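# Remarks on the overall topology
Read off the chains here:
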Amino acid sequence: MNRFTKLGAMLLALVPACSGERPVVVGSKNFSEQVILGEMLAQLLEARDVPVERRLNLGGTFICHRALLAGDLDVYVEYTGTALTAILKETVSHDAEAVYRRVREVYRKDLGLDWTEPLGFDNTFAIAMKPEVAEKLGIRAISDLKAHEGSLRPGFGHEFLEREDGFRGLVAAYDLSFKNPPRGIELGLIYQALIEGEVDFVAGSATDGLIDKYGLTVLEDDRSYFPPYDAAAVYRPSTAARVPALAEVLELLEGNLDEAAMRALNRRVDDEGRAASEAVASFLAERGWLGAGAK
Amino acid sequence: MDTLRFLLERRADIAAQTAEHLFLVAVSIAIAVVIGVPLGILLTRKPSLATPVIGFANVMQTVPSLALFGFLIPIPLIGGIGNTTAIVALVLYALLPLLRNTYAGIQSVEPSVVEAGRGMGMTDLERLRLIEIPLALPTVLAGVRIATVNAIGLATIAAAVGAGGLGNSILRGLSMVDSRLILAGAVPAAALALAADGLLGRFEKWLGWDR
C-alpha cells in the first residue's frame, strides 16, 4: 500500500498545482506544537487533494500574523490570549469564552480574518522548575517566587521577554523584582537550560511534551495572571470560500483536539524525536481522519 | 523621532547589552590571540602541519553559527547554555584570520633579511624575536582587526544560547516584528564594529611610525 499510494497522492497533489491552482499556504510559529498543528492542517488538506504549501517554523506570533494579513499565509493556528494581548494589545481577561468572542469579533470586523471554533485545548504559559529545586525552596505557586527573588535566575524565550502578557506583566502582577535579570534564550533550548541548571525557572507551554518527560514542577498561577490561550485556526475567509475542503478540514478539527491529545502529540516529537510529519500522519491514521469526508 | 524616543527609553537595556557584547568579544579575541598567534608561528617552523591546521580553521569558518552552537551545546565543559558556548564558538571563528595572517606574515619576511640574521650568528629564537615577529606584526595586527570586527557581528547570535549581548534586542525585535527593537541591537553593534576597526587601524598606524 503505502509507498505507491503516497507517491500517487503526491503526484495527484501536483496536478492541480501545475494547472495553475493556487496552493493553500499553511503557516506555523517556531515551536513543536505549532509545527505539528501546521502539519496536521496540511496533511488533512492533502488527503482531500488540495495542493498545499507549508511555511512552518516562522519566527513567532507577529511574523505569522503579518503574513496572514498580507495574504502570504492562508491559515495558521493561533491562541485566543495571544491574539487578545499580543496582537490586539487589549487588556487581559480571564473569561475564556469572552476572550474568544472578542478576538473573533475584532478579527472579522477590523482585519477581515476569521477564527474557527476552539480546537479543544488551552495552551497557557507554564512557569516550570526542576522538582528538587521547587521542593527545596518550598515553591508551589508563582507567588512563592517572591521569597527567593534575590537568588533565583529566570530564563525565557525572547518573545516572552518582550510581549505585554509575558515577563513584564508577570512581575507586575506578582510584584516581583528579580535581582538576576532574566536570560533570553532560544525557545527550543529553555528546558535544556533549566535541566543543566543554567537558570532556575522558565516559561514554557502547558502542553509541552518535555514538561512530562523531565517531570518538571509547574507553578500554580495563583493570581490568575495568564489569560486563557485556547487554540483555534485563524484563516482568510476568501480562501475558505475558494477551497471548500479547507472549510471542511477546519470544521473537522473544531473541538476535537483536547489537551491530552496535544500533549501526547508534542511528546512524540519532543521526547521520542519523531518527525512532526510522521507523528501527525500516524495520529491522523489512528483517528481515522484521513479518509476523505471522515468526521 | 519615535524610534529615537524608543531607543532613549531602552538606553539602560542597550548599555547593559553592549557591555555583555564587548565582554564576549574581548574574552574570545584574547583567547583566540593566545592560541592563534603562537600556533601560526609554530606552523612556519613545521610547514607540514600548516595545511591540516589552516584547513581545520577554514572548515570552522564555513560552519553556520547557529549550527555550531547546536553542535557545542551537548558537549560537557565547553558546551551548555550560556557564555561558554558563545565564547568557544567565537574563538573558533576568530582562529582562521589570526592563524593565516600570522603564518603569512612570517612567511613573507624577506629571506635575505632572515639570512643576514643567521649570518650574524642569531639563534632561531633570536631571529624570530628580533626580525620575523617585528616585520610580520602589521600583518598579524590586520588579522586581529578582521577577527575582532567579525566577532562583533557574530556575537549577536550569542543571545540564542542565553549569553546575552546586543543579539537580545535583535532576536526580540525579530520575534515581535518590531524594527525599532531590531535597530536597538543592530545600530550599537555596527557602531562597535566601526569603532573597533578604527581604533585597531590607528594602533597599526601608530606602530608603523618607528619603521
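Keep in mind that what you see is a predicted model, and the values were worked out from it rather than measured.

### Overview of the overall build of chain A
Of the regular secondary structure elements, chain A holds 14 helices and 10 strands. Taking 295 residues into account, the globule formula puts the C-alpha radius of gyration at 19 Å, and chain A, at 20 Å, falls close to it. Oriented by its inertia axes, the alpha-carbon framework of chain A measures out at about 65 × 45 × 30 Å. Buried positions account for 47% of the 295 residues belonging to chain A. Taking as baseline every contact in chain A between residues at least 6 positions apart, the subset at least 24 positions apart corresponds to 78%.

### With respect to the overall build of chain B
Per the secondary structure count, chain B includes 9 helices and 0 strands. Along the chain direction, N to C, the helices and strands of chain B fall in the order α-α-α-α-α-α-α-α-α. In terms of overall dimensions, chain B has C-alpha extents of about 70 × 40 × 20 Å along its principal axes. Going through the 211 residues of chain B one by one, you find that 39% of them count as buried. Counted over contacts in chain B with a minimum sequence separation of 6, partners at least 24 positions apart contribute 72%.

### Some thoughts on the interface of chain A and chain B
In this complex, chain A contributes 20 residues to the contact, which on the side of chain B involves 15 residues. At the level of elements, α3 (61–70), α7 (158–162), β7 (183–184) and α9 (190–195) of chain A are the ones that each hand at least two residues to the side of chain A that touches chain B. Of the residues forming the side of chain A that touches chain B, the biggest block, 4 residues, is contributed by α7(A). Its residues assigned to classes, the side of chain A that touches chain B shows 6 nonpolar, 6 polar and 8 charged.

### So, unusual backbone geometry
All names here are of chain A. A positive phi is found at Asn57, a non-glycine position, where the angle reads about 65 degrees. Tracing the sequence through the fold places Asn57 in the loop between β2 (52–55) and α3. Accessibility expressed as a C-beta count within 10 Å gives 15 for Asn57, which makes it partly exposed. With phi around 45 degrees, Ser224 is a residue other than glycine that occupies positive phi space. By the element assignment, Ser224 lies in the loop between β9 (217–218) and β10 (231–235).

### Quick notes on helix α14 (residues 276–287) of chain A
Residue and element names in this part refer to chain A. Taking 1.5 Å per residue, 12 residues should reach 16 Å; α14 reaches 16 Å between its end C-alpha atoms and fits that length. Taken together, the buried positions of α14 are occupied by Ala276, Ala279 and Val280. Along the long axis of α14, the arc covered by the buried residues comes to 95 degrees, so they all point the same way. Of the residues in α14, the exposed ones pointing more than 90 degrees away from the buried face are Glu278, Ser282 and Ala285. Contacts from the buried residues of α14 go to α2 (32–46) and α13 (259–270). Downstream of α14 by a residue or two, Gly288 has a phi angle that is positive, lying close to 70 degrees.

### Observations concerning the packing of α13(A) against α14(A)
Helices that pack against each other are described as a pair by the angle of their axes relative to one another and the distance between those axes. Residues and elements named next belong to chain A. Contact geometry for α13 and α14: axes closest at 9 Å, N-to-C directions at 140 degrees. It follows that α13 is oblique to α14 by the angle criterion. Where α13 crosses over α14, the two elements pack in a sense that is right-handed. Contact residues: Leu265, Arg268 and Val269 in α13; Ala276, Ala279 and Phe283 in α14. By residue class, the composition of the contact of α13 with α14 is 5 nonpolar, no polar and 1 charged.

### With respect to the nonpolar core
With 77 residues, the main nonpolar core has Val202(A), Leu90(B), Ala94(B) and Ala151(B) as its most contacted residues. Per-element accounting of this core gives the leading share, 15 residues, to helix α5 (residues 83–107) of chain B. With residues near it in sequence (within four places) discarded, Val202(A) still touches Ala128(A), Gly155(A), Phe156(A), Ile190(A), Tyr191(A), Ala193(A) and Leu194(A). Of all hydrophobic cores here, the second largest spans 59 residues; its members include Ile36(A), Phe62(A), Ala86(A) and Tyr107(A).

### A closer look at the sheet that holds strand β5 (residues 125–129) of chain A
Residues and elements named next belong to chain A. Reading across the sheet, the 5 strands line up as β7-β6-β8-β5-β9 and stay open at both edges, with mixed pairing between neighbours. Single-partner strands in this sheet number two, and they are β7 and β9. With 2 bridges joining them, β5 and β9 adopt antiparallel strand pairing. Its bridge partner being in β9, Ala128 is matched across the sheet by Val218.

### Observations regarding the pairing of β5(A)
Where a strand is regular, its side chains alternate between the two sheet faces. Residues and elements named next belong to chain A. Burial of β5 is extensive: 4 of the 5 residues sit out of reach of the surface. Across 5 bridges, the pairing between β5 and strand β8 (residues 201–205) is antiparallel. Bridge pairing in β8 links Phe125 to Ser205.

### Section: the pairing of β2(A)
All names here are of chain A. Where strand β1 (residues 24–27) meets β2, 4 bridges bridge the pair, whose relative direction is parallel. If you follow Gly27 over to β2, its bridge partner there is Arg55. Each parallel crossover has a hand, and the one from β1 via α2 to β2 is right-handed.

### Comments concerning α3(A)
For α3(A), the full list of buried residues reads Thr61(A), Phe62(A), Ile63(A), Cys64(A), His65(A) and Leu68(A). For α3(A), the elements touching its buried residues are β1, β3 (75–79), α4 (80–87), α7 and β10 of chain A together with α8 (167–176) of chain B.

### Some remarks on the environment of Gly119(B)
Residue and element names in this part refer to chain B. Structurally, the position occupied by Gly119 is in helix α6 (residues 111–119). Accessibility expressed as a C-beta count within 10 Å gives 9 for Gly119, which makes it exposed. Gly119 sits 73 residues away from Leu192 along the chain, and the two C-alpha atoms are 47 Å apart.

### Some words on the confidence of the model for chain B
Here chain B averages 90 in pLDDT, while 98% of its residues score no lower than 70. This prediction of the complex comes with two scores: 0.75 for pTM and 0.72 for ipTM.

Criteria and thresholds
- Residues numbered from 1 in each chain as written.
- Chains lettered and ligands numbered in written order.
- Predicted model: local features only at pLDDT ≥ 70, side-chain atom pairs only at ≥ 80, totals over all residues.
- Helix = DSSP H or I, 4+ residues; strand = E, 2+ residues; numbered from the N terminus.
- Rg over C-alpha atoms; globule rule 2.2 N^0.38 Å.
- Buried ≥ 20, exposed ≤ 12 C-beta atoms within 10 Å, placed from the backbone.
- Contact = placed C-beta atoms within 7 Å.
- Nonpolar A, V, L, I, M, F, W, Y, C, P; charged D, E, K, R; others polar.
- Expected span 1.5 Å × (residues − 1).
- Arc of directions from axis to C-beta.
- Axes fitted to C-alpha atoms, helices over the stretch in contact; angles between N-to-C directions.
- Parallel < 35°, antiparallel > 145°, perpendicular 65-115°, else oblique.
- Left-handed = near helix turned anticlockwise from the far one by under 90°.
- Core = buried A, V, L, I, M, F, W, Y, C linked by C-beta atoms within 7 Å.
- Pairing = 2+ DSSP bridges.
- Right-handed = clockwise from strand over helix to strand, strands pointing away.
- pLDDT = per-residue confidence, 0-100.

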